[in-house]
Every structure is written in structure tokens, then in C-alpha cells.
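# Fold and geometry: a report
Here's the letter readout for the chains.
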Amino acid sequence: MKTPVNLITGFLGVGKTTALLNLLQQRPAGERWAIIVNEFGEIGIDGAALTTGDVPVAEIAGGCLCCVAGPQMTATVATLLRRERPDRLLIEASGLAHAASVIDELREPPLGNALEVAAVLTLVDPRQFVSPDYARQPLYRDQIAIADVLVANKTDMADAVTMAAFREQAAALFPAKALVAETRQGAVELGWLNAAVVAKPRYRPAAPRGTPSDWQSIGWTFAADASFSGEALTAFFDSLPGQVPGLVRAKGVFRVLDSWVWLNWAEGQWGASQVAWRRDSRFELIAPAFDSEAVEMRLRACLEK
């Protein structure tokens, strides 16, 4: 019997990791899950945020699954299936991944011999969804086209006009989605994983392998016993947009006193939550360009003396 695999996709900062955390809280008792997290940068942050102790989490960093990290996916999936024998596999794709290419790899042998591709959940920010600037991007269109369940997250940040435009445009998508849902703070529902898989046309915008990205990433790790000041980290994250022009994403897991927190910046806002991760503190940002030495100096200044 094949293992169902759900792909969770969506653009940078739309709330995929938070959605996965909500799904983990709804996992049926006795059902074994495994998670694969793919990140654009070299240092995985989301895997640390998802660590709970009873659900195995594997990370593939350093590129999107459809290109740079593609070969790693086959080995990672095969290892998880053999070692954990999960009842369901969840894959969080990089916000820069061409989702259709990931689905192709999951369906082709050898992975296709062991996996049944279940519903693809694509999270969108409705403010981006209705923007012509996003609609012109092949990668963004690809993520929308491959969705079986289209989830408008962050609806509390969108006004009534934006939501009306989202509903109109989503209803006009062809082929129609199995489900178009609206939520906030990543509050997705367990049943959406079992939504119907919609037949989709084979054609999609090409995603040339090896195409350079408009963004760069950089990351740092710190020993597990290194402790950070909560006040200093707050000031650091508040000042990041001014210090890093064009900042796209910033996130990290830090030891603060006796607790560990996940800090996540996107779209001009950031939040914090506690996590079970204890391996090390780590931070990563994505931007068109940055002064790495200046960022590191300010980050190290957040360490407790």
C-alpha cells in the first residue's frame, strides 16, 4: 500500500510552517507522520520550529526541491519511508520552489512506486494573490496552478475589497480547485489533506534548471549553550528592514534564558513562538544583497555577556 504524501507550498512568508504546526496538533492518535522541510538557504530554520519529539523531521536546505536539492529528495524520502514507515508524509516546499516540478518527482519512479500524491495545499496571502506583480511571476502562477486546496491565509490583514477580489479570481481559476478556503494564522484543517486531487493540464511555465535567483541567503549557527537577550533580539528584528534593503525573509531559533523561541519576519511583520528545538541557535535571512559582516556584528551583540 502506498503512503499518501501532501505537498504544502506557497510563496515566502505566507505561513506554511505555522500551518504545519497546526496540522501536527490535529494528527489522529496512533497515526504516524513524517515531515520533510525544504528551505532556500543553507541553514534550515523551519525544521527546528517543527521539531516536536514524536514526529520525525528531515531537512533539505540549500535550494528548492525542483532543482538544486532535487537529488536529495529521493534519498531523504526513501530513508524516511524505510526507517519510520509513516502513515502520511508531509513536505513543506521552499517558498521559491516550482511546485509542479516537485510533484513530477514524487510521481516518477522510484518515489512513485511507494507514494500516492494526495492533495496539494497552496497557501497564499490574498493581498499578493490579487496583485498583478505576483500574477506575472511564473513561479507564483505555478504554485497556484498545482493546488488542489487553495488557502487564503492572513485574511485578518486583508481588507474587504481585497477579499472580494480574491474570491472572484479564485472562483475563476481553471481547472476549478477542490476547495478554496480562508483562514488566519495558518489555521488549516486536517480534512483538507484528504481533499480530492484535481486533474490538471500538463502544460505549465517552464522552470529552467540552474537559473540564478534574484535573492541571496546567509545564515549563522551558535552553540546550544549560547544564550541570547530577548530585548536585544526584539530590537534586532525591528531594525532589520532598515539595515537590509529589500529584505524578503528573516527567521531564526534562539535560546533565550531557559526557553527556545522561533522568530519569523515576513511582509514587514514578525512574531515569536516557543519550540522544542534544543540543538543550537540559528538565524537566516534572504534578500537581494546584504552586508554580512554588519549583520553578524549586530546579531552577536544580542548574545548575553
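Residues numbered from 1 in each chain as written. Predicted model: local features only at pLDDT ≥ 70, side-chain atom pairs only at ≥ 80, totals over all residues. Heavy atoms only, no water.

In this section: unusual backbone geometry. A cis amide bond, omega 5°, links Pro109 with the succeeding residue Pro110. Counting through the fold element by element, Pro110 comes out in the loop between helix H4 (99–107) and helix H5 (111–114). Cis geometry is adopted by the peptide bond preceding Pro175, which originates at Phe174 and carries an omega value of -5°. Mapped onto the elements of the fold, Pro175 is located in the loop between helix H9 (160–171) and strand S8 (179–182). A positive phi is found at Leu257, a non-glycine position, where the angle reads about 55°. With a relative accessible area of 58%, Leu257 lands in the exposed category. (Helix = DSSP H or I, 4+ residues; strand = E, 2+ residues; numbered from the N terminus. Buried < 20%, exposed > 50% of the residue type's maximum accessible area, 1.4 Å probe, protein only.)

Okay, the packing of helix H10 (residues 230–243) against helix H11 (residues 292–300) next. Two elements in contact, H10 and H11, have axes separated by 11 Å at closest approach and are oriented at 165°. One element, H10, and the other, H11, form an angle in the roughly antiparallel class. In the crossing of H10 with H11, the sense of the turn from one axis to the other is right-handed. Judged by residue contacts, Phe236, Ser239, Leu240 and Gln243 of H10 engage Val295, Arg298 and Leu299 from H11. Across the contact of H10 with H11, the residue classes tally to four nonpolar, two polar and one charged. (Axes fitted to C-alpha atoms, helices over the stretch in contact; angles between N-to-C directions. Parallel < 35°, antiparallel > 145°, perpendicular 65-115°, else oblique. Left-handed = near helix turned anticlockwise from the far one by under 90°. Contact = heavy atoms within 4.5 Å. Nonpolar A, V, L, I, M, F, W, Y, C, P; charged D, E, K, R; others polar.)

Relative to the 16 Å expected for twelve residues at 1.5 Å per residue, H9 spans 17 Å between its end C-alpha atoms, a close match to the ideal helical length. If you check which residues of H9 are buried, you get Thr162, Met163, Phe166 and Ala170. Down the axis of H9, the sector holding all buried residues measures 95°, keeping them to one side. In H9, the exposed positions that point more than 90 degrees away from the buried face belong to Ala160, Val161, Glu168 and Ala171. Where the residues of H9 are buried, they touch strand S6 (121–124), helix H6 (126–129), strand S7 (149–152) and S8. (Expected span 1.5 Å × (residues − 1). Arc of directions from axis to C-beta.)

Regular strands place side chains that alternate from one sheet face to the opposite one. Taken across its eight residues, strand S11 (residues 259–266) has seven buried, putting it largely inside the fold. Bridging between strand S10 (residues 249–256) and S11 involves eight bridges; their strand directions are antiparallel. By the bridge assignment for S11, Ala250 is matched with Trp265. Taking the residues that link successive antiparallel strands as the turn, the S10-S11 hairpin has two residues, and the phi of Leu257 there is positive, at about 55°. Where S11 meets strand S12 (residues 269–274), six bridges bridge the pair, whose relative direction is antiparallel. Opposite Trp262, over in S12, you have Ser273 as the bridge partner. Turn length for the S11-S12 hairpin, with the two strands adjacent in sequence and antiparallel, is two residues, and the turn residue Glu267 shows positive phi of about 55°. (Pairing = 2+ DSSP bridges.)

Within the protein chain, residue pLDDT values average 83, and 86% of them lie at 70 or more. The model gives residues 64–69 a pLDDT under 50, and that stretch makes 25 contacts with residues more than four places away or in other chains. Scored below 50 in pLDDT, residues 202–212 shows twelve contacts in the model against residues more than four places distant or in partner chains. (pLDDT = per-residue confidence, 0-100.)

On to the packing of aromatic side chains, then. Going through the model one piece at a time under the given rule, you end up with twelve aromatic pairs. Plain terms: the ring middles of Phe236 and Phe283 are 5.3 Å apart, the flat faces sit at 65° to each other, and that makes the pair edge-to-face. With a gap of 47 residues between them, Phe236 in helix H10 and Phe283 in strand S13 (residues 281–287) connect regions that are remote in the sequence. Like Phe283, Phe236 is buried. (Phe/Tyr/Trp six-rings, centres within 6.5 Å; stacked < 30°, edge-to-face > 60°.)

Another aspect to go through is the environment of Arg279. Residue placement: Arg279 occurs in the loop between S12 and S13. For Arg279, a relative accessible area of 56% corresponds to the exposed category.

With respect to the secondary-structure elements, Thr76 resides in helix H3 (residues 70–84). For Thr76, the residues in contact, after removing those within four places along its chain, are Ile36, Ala58 and Ile60.

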